[in-house]
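# Reading the structure
Chain residues, written in single-letter form:
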Amino acid sequence: MPDRLTGRTVVVTGAGRGIGAALARGMAAEGAALVVTDRDEPEAAAVAQSIRDSGGRAVHRRVDVAERDDVRAAIELAVGEFGRLDAYFNNAGFNEPEKFLDITEAVWDRIFRVNAFGVVLGSQEAARQFIRQGSGGKIVNTSSIAGRQGFPSFAPYCASKAAVISLTQSGARSLAEHGITVNAFAPGVVRTPLWDKLDRDLERIGEGDAGFAAMSGDIILGRPAEPEDLVPTAVFLAGPDSDYITGQVIPIEGGMVLV
């Protein structure tokens, strides 16, 4: 078994399905001990069980990333089960399409509560644990190409992912003195259950031609990403090879946004 993460403990939020589940399984395959968290506890439990069935180490917990007590409990579980925390992935997030002229306060608040404030809480509590340990650590945030440019009907989501980029930079500057690095990766169109719901939502608001298939057509490598395409970057950011990188956002999008 490859062992680039052997001896490391990693918490991944939003890991019950899609990108988060792939990250958890992929890092476990590299030797990491995983704490799999999600608001949907049965899904988190199933991912953790699949890791154990494959010979890895994993536990799970239900976590609402915008509730500080939940975040603290996940970190306490990591330390209690595996002795320490080495990397914390702020991956949980969601999208709720609205046309720009129809943006509501309720949708804006729901998206920012999870996608942005959840990153603040996760970063704070992970950093406090790293400081207690006195050995540094890694915070990794899931941003998006939507944080680099706006898309019709996704404005609150785009703004929240731009906030993730800013929080990554602010965290990197704030926490470097403690040996803590803060980085992010920015997926493009990824084939996950999230897109099934987004396509239905876009159809409902009359924007059905702006969904998964249309956005995938802009990818110069010719296909949307699978969740597993993101795993090598996650392993890199969780491991020692990225020790001299901080405050950066790595795009993983097949060539959708060229700057």
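Bear in mind the structure is a predicted one, so any value in this text is a computation, not a measurement. (Residues numbered from 1 in each chain as written. Predicted model: local features only at pLDDT ≥ 70, side-chain atom pairs only at ≥ 80, totals over all residues. Heavy atoms only, no water.)

### A closer look at a nonpolar patch on the surface
Judged by side-chain polarity, Ile 220, Leu 221 and Leu 258 come together as a nonpolar surface patch covering roughly 390 Å² of accessible area. Here Leu 221 shows up in the loop between helix H7 (212–216) and helix H8 (231–238). A residue is classified by how much of its surface remains accessible, and Leu 221, at 68% relative accessible area, is exposed. (Patch = residues over 30% accessible without salt bridge, like charges linked within 9 Å, V, L, I, M, F, W, Y side chains within 5 Å. Areas by Shrake-Rupley, 256 points an atom, 1.4 Å probe, with all protein chains shown as cover. Salt bridge = Lys/Arg side-chain N within 4 Å of Asp/Glu carboxyl O. Helix = DSSP H or I, 4+ residues; strand = E, 2+ residues; numbered from the N terminus. Buried < 20%, exposed > 50% of the residue type's maximum accessible area, 1.4 Å probe, protein only.)

### Brief notes about the UniProt feature "domain: Ketoreductase" (unreviewed entry) in the chain
Within this numbering scheme, the UniProt entry marks residues 8–208 as carrying the feature "domain: Ketoreductase" (unreviewed entry). Summarising residues 8–208: 51% helix, 17% strand, and an end-to-end C-alpha distance of 43 Å. (UniProt positions renumbered as here; feature names shortened; annotations may be inferred.)

### Here we look at helix H3 (residues 68–82)
In a regular helix each residue adds 1.5 Å, so 15 residues correspond to 21 Å; H3 covers 21 Å between its end C-alpha atoms and thus fits that length. Of the positions making up H3, those classed as buried are Asp 70, Val 71, Ala 73, Ala 74, Ile 75, Ala 78 and Phe 82. Its buried side turned inward, H3 meets strand E1 (9–12), strand E2 (33–38), strand E3 (57–62), strand E4 (87–90) and helix H4 (105–133). One or two positions beyond H3, positive phi appears at Gly 83, with a value near 95°. (Expected span 1.5 Å × (residues − 1). Contact = heavy atoms within 4.5 Å.)

### As for the nonpolar core
One finds Leu 23, Met 27, Leu 34, Val 36 and Phe 89 to be the most contacted residues of the largest nonpolar core, which totals 32 residues. Breaking this core down by element, the ones donating at least two residues are E1, helix H1 (18–29), E2, helix H2 (41–53), E4 and H8. It is H1 that provides the largest number of residues to this core, a total of seven residues. (Core = buried A, V, L, I, M, F, W, Y, C linked by side-chain atoms within 4.5 Å.)

### Concerning the packing of aromatic side chains
Evaluation of the coordinates by the stated rule reveals three aromatic pairs. Pairing Trp 108 with Phe 112 gives two aromatic rings, centres 4.6 Å apart and planes at 15°, and the pair type is stacked. Pair noted here: Trp 108 and Phe 112 are both in helix H4, with a separation of four residues, about one helical turn. Residue Trp 108 is classed as partly exposed on the basis of its relative accessible area, which comes to 34%. Of the residues examined, Phe 112 reaches a relative accessible area of 21% and is grouped as partly exposed. Here the aromatic cluster, defined as three or more aromatic residues joined through ring pairs, consists of Phe 154, Trp 195 and Phe 212. (Phe/Tyr/Trp six-rings, centres within 6.5 Å; stacked < 30°, edge-to-face > 60°.)

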